[in-house]
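# Survey of secondary and tertiary structure
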Amino acid sequence: MPTTRQLLSSVQVARFVAHGFLRLDGIVPQELNDEALDAFAAGLPSVPYGTAVPKAFPEGSFARRLVELPAVAGALESLVGPDPTVDHHYVHTREPREGSAQPLHADAIIDVRPDAFDVQLMYYPREVTADMGGTLIVPGSQLRRTNESDTGRYQNLRGQIRLTCPAGTVVLLHHGIWHGGRRNDSDTVRHMYKIRFNPTVPQVRLWDTTDLDDPAVGEELGRTFPWYEPATGRLEIHNRIKLWRSLSADPDFDIAYWATRIANRPAQRSTA
């Protein structure tokens, strides 16, 4: 198994900024997937809010080995930086034919930070099939500020994704994305282990920036999604521009002159 961390590219980070999540399909070795189920059954120890990763997850523990997998560690460092703290962690379990689902929601209260975000890791130790429900995600929803379950009245949105995935899949989400656990209509228990990470450094150019000028970066950031309204949906792209300016330390980055146009305030010239 490789041990060198695998930082994300600029295009991948731009895709995260646009979509609000990043999938790492089947990256966890089978032996760790098997160990995860035993760890879940035994119960994971509680972690106080804001605990450093080495203290939250002792060396050699299942959780520590999960977050130190090169692909996971590199992606986390690219998004929240080195030495993040653990906000909280929890195992979400859906029993077979449970008959209920979570309402669509964003985690916690309205978060108005314009230049920072937390990352939520969701790990699936077993294959998730369509009849197992999976996690519902609304791509591109993360920068539309909402308060916890205010979106719970929405049943279906165009372009939503109900996650199905192979065993050992890790999904990293922007903390503001709209999501919810679907009901499990199968005969198999479904587990999802969530860890929320808080950054401890400014989230500026933390990834591999060698492709920062790749035109694909702007293409990713300008992407639209089927549920966007013709007018209000444009604000999602404007919010991405503002976030990318902060993340990339490029105050002039723009898409189709949108941000530059509305920020234009020429200095008033003296008539003396």
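Presented here is an overview of the structure given in this document. None of these values were measured; they are calculated from a predicted model.

Parameters at a glance
Residues numbered from 1 in each chain as written. Predicted model: local features only at pLDDT ≥ 70, side-chain atom pairs only at ≥ 80, totals over all residues. Heavy atoms only, no water. Helix = DSSP H or I, 4+ residues; strand = E, 2+ residues; numbered from the N terminus. Rg over C-alpha atoms; globule rule 2.2 N^0.38 Å. Buried < 20%, exposed > 50% of the residue type's maximum accessible area, 1.4 Å probe, protein only. Contact = heavy atoms within 4.5 Å. Areas by Shrake-Rupley, 256 points an atom, 1.4 Å probe, with all protein chains shown as cover. Lys, Arg positive; Asp, Glu negative; His and termini not counted. Charge placed at Lys NZ, Arg CZ, Asp CG, Glu CD. Pairing = 2+ DSSP bridges. 1 Å grid on protein atoms, 1.4 Å probe; cavity = no way out; pocket = protein on both sides within 12 Å on 5 of 7 lines; lining within 4 Å. Points joined across faces, edges and corners; volume = space filled by probe spheres on them. Nonpolar A, V, L, I, M, F, W, Y, C, P; charged D, E, K, R; others polar.

### Points about the overall build of the protein
Across its full length, the protein carries eight helices and nine strands. Taken over the C-alpha trace, the protein has a radius of gyration of 20 Å; the compact-globule value for 272 residues is 19 Å, and the two agree within 12%. Taken over the C-alpha atoms alone, the protein extends approximately 80 × 40 × 35 Å along its principal axes. Each of the 272 residues in the protein was classed as buried or not, and the buried ones make up 49%. Pairs at least 24 residues apart make up 88% of the contacts formed inside the protein by residues separated by at least 6 positions. Here the protein displays about 13400 Å² of accessible surface, and carbon together with sulfur accounts for 51% of that area. Treating the 29 positive side-chain charges of the protein as one cloud and the 33 negative ones as another, the clouds have centres 7 Å apart.

### Details of the sheet that holds strand β3 (residues 85–94)
Ordered by their spatial adjacency, six strands build an open sheet running β1-β7-β4-β9-β3-β2, and the pairing between neighbours is antiparallel. Both edges of this open sheet fall to β1 (21–24) and β2 (51–52), since each of them pairs with a single strand only. Taken together, the nine bridges between β3 and strand β9 (residues 190–198) define a ladder with antiparallel strand orientation. Residue Arg 94 lies in a different strand from β9, and its bridge partner there is Arg 190.

### Comments concerning the sheet that holds strand β5 (residues 135–137)
Ordered by their spatial adjacency, three strands build an open sheet running β6-β5-β8, and the pairing between neighbours is antiparallel. Both edges of this open sheet fall to β6 (161–162) and β8 (179–181), since each of them pairs with a single strand only. Here two bridges tie β5 to β6, and the two strands are oriented antiparallel to one another. Its bridge partner lying in β6, Leu 136 is registered against Arg 162.

### Overview of the layout of surface pockets
A volume near 330 Å³ is recorded for the largest pocket. Lining of the largest pocket is provided by 15 residues; of these, Val 53, Val 67, Ala 73, Asp 83 and Pro 84 occupy positions nearest its centre. Where the lining of the largest pocket is concerned, the elements lending two or more residues are α3 (53–56), α4 (62–67) and α5 (70–80). Among the elements that line the lining of the largest pocket, the one with the most residues is α5, at three residues. One number sums up the size of the second largest pocket: a volume of about 200 Å³. Considering the residues around the second largest pocket, the lining is formed by 16 residues, among which His 92, Arg 94, Gln 102, Gly 181 and Met 192 are closest to the centre. Within the residue set of the lining of the second largest pocket, elements represented by two or more residues are β3, β8 and β9. Within the lining of the second largest pocket, the residues separate by chemical class into two nonpolar, nine polar and five charged.

Note that all results are geometric; they support no functional claim without further evidence.
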